[in-house]
Structures are given as C-alpha cells and as structure tokens.
Amino acid sequence: MEKTDKHSFEANKHFAEEKLKEISAILADYGFQERIEAAQNRLQHEKMHLLVVGEFSRGKSTFINAILGKPVLPSKVNPTTATISIIEGSDQPQMNILYRSGERMNRPLPDEKVNKFLEEFITTSNQEANAIQEVRIGYPGVLQTMQCDIVDTPGVNDLDDLREEVTFHYLSKADSCIVLLDSQQPLSESERRFLQEKVLANDINRFLFVINRIDEVENIPQGEVSARLKAYVRKLLQEHLPQIAEPTIHTVSAKEALRARFKQEASIWESDFSNFEASLMDFVSRQAVRDRLPMHYDRIAAIVKDGIQTVEERFSLLSVQRDEMLLELQRMEQEERTMQLELGTFESFMQVESVNLARWMTAFVREEFTKLQAELVGQAAQITTDEDVLRIKSLAGIGIRSIMEALQEQMLDYRRGLHEKLQAKWGHYFSHTSDGRKASRGIFSDADTEHLKNLIAMESTGEQTSSFAEVAAGMALGGTLGFIGAALFGPIGIGAAIVGTIFLGGKLQEEKEAKEREALRTKVTQILQTQIQGIIQNVEEKVKEMAGKELEPIREHYSTRLHNRMNALRLTLQEQQGIMQGQSSDIDTQKKRLDEHLTQLRQLTQELAIRKEHIQA
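In this text, all values refer to a predicted model and were calculated from it rather than measured experimentally.

Moving on to the confidence of the model for the protein chain. On average, residues of the protein chain score 77 in pLDDT, and 76% of them are at 70 or above. Below a pLDDT of 50 lies the segment residues 458–484, which in the model reaches 81 contacts outside its immediate sequence neighbourhood of four places, other chains included.

Structure follows, in structure tokens:
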C-alpha cells in the first residue's frame, strides 16, 4: 500500500505520527512535550473497527476465521455464537470476559484448539452465556498489521433484546459493517427487516454486503451464478432500501479460503478471498480516514498553533529595546500569576457546572421515566393475549430510546451553552498578536474550533474511552450517548429489564394454560414499576459521576490549553530573564534559531491543513 494513498488509514496515521515527531523535535525546549506525548499516545491506539452482522448460521465466525487465517472462533452450525465477541490484534493470545454484573475475567488462550476452548464461553453451549456482556479476544497476527478490530455478533434474528440492542450500538460506532448473506437464501425477510429498522438510522455508506458459501452453488469464483446473485440482492435492496443507491456486493467462500490458508495450500477460492480482502480494507480504511483521523489532525494543528504563538513571543522579546523588554516581561509575569488564579477559578466553575448538570439530569430522568411507567402500566392493565405482552415489550424499548434521544438533544444544547460561557471567560488567553500582546481577533484557531465542535457534539473522537467496545459493551441502547447510557442501564437490557423475566422458564405458557390472566397483568405491572424505579434509582446513585464524565472532554480541552499557556509563559520568562542578566551576545543566534522554528511550524500548519482537506475530499 502506497504511503501517498489518501484513503489509506495506515498511510495517513503514519503521516500524523511523523508530523508529531517533527513537532516534538522543534518544540523540545518550549514546554509542549507532555501535550505532544498525549497526542502521540491517542494516535498510537487509534484503530479501525469492522462489524460483522447476519442471521444465525450465515458463517460469520468462519468468515472472520478466514481473515485471521486460522480457526480461532467456534464455527460449527451448532452451537451458534451467543455473545458479542471483539477480536483484536495482540502480542499474546488472551481472552477478557466482561459480565453484565460488571465483573471481569482474564484468561490466556491455549496454543492449540482455540476454537474448542472458546466454544465453552461464547456459544449457546455455555448455559451462562446470557450473563456475558462481551468477550474480547486478543490474538497475534493479521489484525495487528491491519490495525483493525473485528466484532462478531449473534444473529440479527436473536431473540435476546440486550444482545440486539448492543449489536445495534456497535453498528452506530463501527467504521464499516459487513452484512453477511447466504448464497442459497440471500437477503431473507428477517435480514431485510433488520436493515430497514436498524440500518436506516445509520450511515448507509458504511455498509457492504457479502454473499457467503458461493462454493455451494458454483464451482468457480465470480462466475455466472455469482453475477446473478449480486444482481438479485441489488434488486432487493433497491426495492426495500432505495436509499442505498449503489450497494457494494461481494461473493466469497469463507470456508474454502480458511481451509486453504490454514493448510497453506494454493486455491482459487483463497485467491478470490484475497482480492475481496483488498477491496474490504480499502472500504474500511476510507471510512476510518474520514471519520477518525481529522480529530487527530485538529489536535496536532492546535499544538502547532500554540507553538507558533510561543515562538513568536520569544522572537518579539529579542527584537525590542531593553526597557521595552523589561515592560513586556513584567506583563508576562503578571499574566502568569493571573493564570495561576484563573486555573483555580476554572476548576471551581466546572465543579459547579457538574453539580448543576447532575441536578438537572436527575430531575429530567425522574420525570420522563415516571411518565413512561404510567403509560406502560396503563397498557399492562389491558393485557389479554401474548401479543399484548410483546407489544408492551416493544413500547418499553421505544419509550426508553425516545427518552434517551431527548436527553441526548438536551445535552447537546447544554454543551453548546457551556462552551459559550467558557469562551467568554477564558478564551482570550488563546489569542495573541505577533508581538506577544493580546488581540481582539478570534479566540480560537480553525483547528481549535473544529476540535471543540466535535467535543461538543460528542462524536467518536477517542476522547471518551480507550476503545469503542468499552462504551458499547455497557449499553443497552443505540445512539451516541456512550457512557451516559452505560451508567443508566449498566448490565440491564431494555427489553429484559422491563418484561423479559416473564418469559423465563416458559412462565407465560404456564399461566396461559392456567388462565391466570389477572395474575399476569399484576406481574407485568410489578415488573414495570420495579424495573423503572430501579433505573431512576440507578441514575440518582450515579448521576454525579455521569455528569463529571459528560463534562470531562470539554474541561480537559480548556484546562490543557490554560496549563500549556502558563507553562509556555514560564519557560519564556526563564529564558528572557537569562538574557536580561547579560546573555545578550547570543541574541542574534537565538533569533535565527527562533526564526527557523517559526518557518518549520508554519510549514507544518500548511501540510496538516492540506492533508486534512485531501482526506476529506
């Protein structure tokens, strides 16, 4: 893959890493090292994320194994995958299980028969699979080179509400999603329903369709049958999802590709699968470059912008007369003292905002969930059939999602208002003229503005969590609320939390036979009241932590900028005070060095801007 490919995730990530190294060398003596190292760390951990969805027995696990080149995941027709499994590159084979209770268990993977070992945990043969929220599988090999995580999901026709909702949440976070179809029944009714209900709420350009098991209907790859199947699926998609104007459709044989790779044999199916992989990684890379890397470029550009400001100040001080230099140093000393005080004021301000936000969130959730509870209890009083129970189950999910979407919109407005307050109070510290004095022009650079826009919108920036899976794992809710949703619901699934326990052990059937409809209505009502009150109580217990996490990305941005400005002032003062004490003979040499640094930093600004525009074109 060429380093100049504008759609290459690897190439553009490498470009950003190299620019950070250059910046680090230039700004080594200006107090930016901690900030640069933080940016390098975030960039280093940035990876692409690929989700694989499909009905039971479509061969999702075999498909992923073909990419890995080894039978890592259990892939027999029976048992089927029952958990969310995230496969990621790792130096050592290992497994980390997160239970719905919040407990974790780490286990090393065996050297051989990994699929047999995992079968006991991630398939329906594990009687306690429902207690598992996600399984993270670290495995050496191709995923390390690809810089990509792959998420294996239960079937889209899974009856477990929690798994369905968590799958939906992963769908909203993945860079790309493969919808795996079967060559003998491509795009079934349940698959079309899944696409209509789930996909339409997401970026349709992130989806590609793969018809698996093509070897069962054709003897060669990409033959006439493949062409007809692609045309058939394309026709169905145009009928049911016309929003997908030009769907990307592939045909593969994952089983034959896996066999050839594992046995290291030549195969036309393996060659065909390799061609597909190249197209797949180009597809995923394009999405990841567009969605993930601009935030890193903005962060780097902000460091360069602040570096230019610091270097300009030092250069300006070397260019004035001694008396003027003394006055300017006194001004900078005063600014440094003021900023010390302002940092304390800023942290106090954010603490008050966090308290106020917690109070508002508590009141909002209590009011909205109480109204939902009353509505659902009213519906429960009218239960006469099994369908009524299922309808309440559906209404509960819709109602909770509606509340969370309203909360999300309210939070967005709150963050915008908070940003305006912060900008008015502290924004002037980030804007200076070339002679070091405060200016009346814009508070933030273009890079700052873009960075803050993303923070305010709480887009997938890498600021909120170390991996996209940790956010999704705790949620029983689609959307972009991230840790808020996780804190609200913890291990409780939306449907399961409301009425799911009715179905445990066939209790509904027993009550149906016993004609105890009134008892059923009473039970549903009790479950509704208990579970919704539990949600409200959970919010009241965790809302302080939730509010703090909600504000943390914005607080961190402003705090980092204020700290960085103060540190830069201190270093500049130390250097210039040394000059005032008799080192003026070195002024010309220092000015030349500073001028070189300014030239380099301005060039970097242009390179970053051009590169960002290039990848977003």
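If you look at the biggest cluster of nonpolar residues, it comprises 71 residues, and the most contacted ones within it are Leu27, Phe63, Leu118, Ile178, Phe273 and Leu280. The element contributing the most residues to this core is helix α11 (residues 293–318), with 9 residues. In this structure, Phe369, Ile383, Val543 and Leu569 belong to the second largest nonpolar core, which totals 46 residues.

Bridging between strand β3 (residues 94–99) and strand β4 (residues 104–108) involves 5 bridges; their strand directions are antiparallel. Counted as the bridge partner of Leu98 is Arg104 from β4. Connecting β3 to the antiparallel partner β4 that follows it, the hairpin turn spans 4 residues, and Gly102 within it adopts a positive phi of roughly 100°.

Attention now goes to the pattern of salt bridges. Under the counting rule described, the total for this entry stands at 27 salt bridges. For Arg58, the salt bridge goes to Glu55, with nearest N and O atoms at 2.9 Å. The exposure classification of Arg58 matches that of Glu55, with both residues buried. Put simply, Lys47, Glu88, Arg136 and Asp149 are held in one network by salt bridges that share partners.

A positive phi angle is found at Arg213, which is not glycine, with a value near 60°. Structurally, Arg213 can be placed in the loop between β8 (207–212) and α8 (224–240). Classification of Arg213 by relative accessible area gives partly exposed; the value is 22%. Positive phi outside glycine occurs at Gln264, with the angle close to 55°.

Moving on: the packing of aromatic side chains. The way to describe two aromatic rings as a pair is by their centre distance and the angle between their planes. Tallied over the entire structure, the rule returns 6 aromatic pairs. Judged by centre distance (5.2 Å) and plane angle (25°), the rings of Trp360 and Phe364 are stacked. Linking Trp360 with Phe364, this pair stays in helix α12 (residues 322–380), spanning 4 residues, or about one helical turn. You can call Trp360 partly exposed: its relative accessible area is 31%. Residue Phe364 is classed as buried on the basis of its relative accessible area, which comes to 12%. Three or more aromatic residues joined by ring pairs make a cluster, and in this case those are Phe63, Phe273 and Phe276. Arg611 extends its terminal NZ or CZ atom over the ring of Phe15, reaching a point 4.3 Å from the ring centre.

Each value, and the rule that gives it
- Residues numbered from 1 in each chain as written.
- Predicted model: local features only at pLDDT ≥ 70, side-chain atom pairs only at ≥ 80, totals over all residues.
- Heavy atoms only, no water.
- pLDDT = per-residue confidence, 0-100.
- Contact = heavy atoms within 4.5 Å.
- Core = buried A, V, L, I, M, F, W, Y, C linked by side-chain atoms within 4.5 Å.
- Buried < 20%, exposed > 50% of the residue type's maximum accessible area, 1.4 Å probe, protein only.
- Helix = DSSP H or I, 4+ residues; strand = E, 2+ residues; numbered from the N terminus.
- Pairing = 2+ DSSP bridges.
- Salt bridge = Lys/Arg side-chain N within 4 Å of Asp/Glu carboxyl O.
- Phe/Tyr/Trp six-rings, centres within 6.5 Å; stacked < 30°, edge-to-face > 60°.
- Lys NZ or Arg CZ within 6 Å of the ring centre and 35° of its normal.

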